[in-house]
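Next come the chains, spelled out residue by residue.
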Amino acid sequence: MEYGPNEVGGQHRIPLWSRIAAQLRDPLILVLLAAVVLTVATGDHPDATVIALVIVVNTTVG
């Protein structure tokens, strides 16, 4: 075997927590997280829920 074994290299898998952390470091998501904090602080819980839902959906899809 002059060139080595005929094998496909294994794929490097990125852990789930690392992928989620990468999604949450996106600038738009950081702005939305700040918006959630501000809307909760002002007592506007329905809007905070909608913004949080957008963050969850975006992170899940991403």
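(A) Structural detail: the overall build of the protein. A count of helical and extended segments in the protein gives three helices and zero strands. On C-alpha atoms alone, the protein measures out to a radius of gyration of 20 Å, which is more than a quarter above the 11 Å that the 2.2 N^0.38 rule sets for 62 residues. By residue count, 13% of the 62 residues in the protein fall in the buried class. Accessible surface, the protein: about 5300 Å² in total, of which carbon and sulfur atoms supply 66%.

(B) Representation of the environment of Glu-2 within the structure. Of note, Glu-2 is situated in the segment before helix H1 (16-24). On the basis of relative accessible area, Glu-2 is assigned to the exposed category, the value being 68%. It is 51 Å that separates the C-alpha atoms of Glu-2 and Val-57, two residues lying 55 residues apart in sequence.

So, how was this worked out
Residues numbered from 1 in each chain as written. Predicted model: local features only at pLDDT ≥ 70, side-chain atom pairs only at ≥ 80, totals over all residues. Heavy atoms only, no water. Helix = DSSP H or I, 4+ residues; strand = E, 2+ residues; numbered from the N terminus. Rg over C-alpha atoms; globule rule 2.2 N^0.38 Å. Buried < 20%, exposed > 50% of the residue type's maximum accessible area, 1.4 Å probe, protein only. Areas by Shrake-Rupley, 256 points an atom, 1.4 Å probe, with all protein chains shown as cover.

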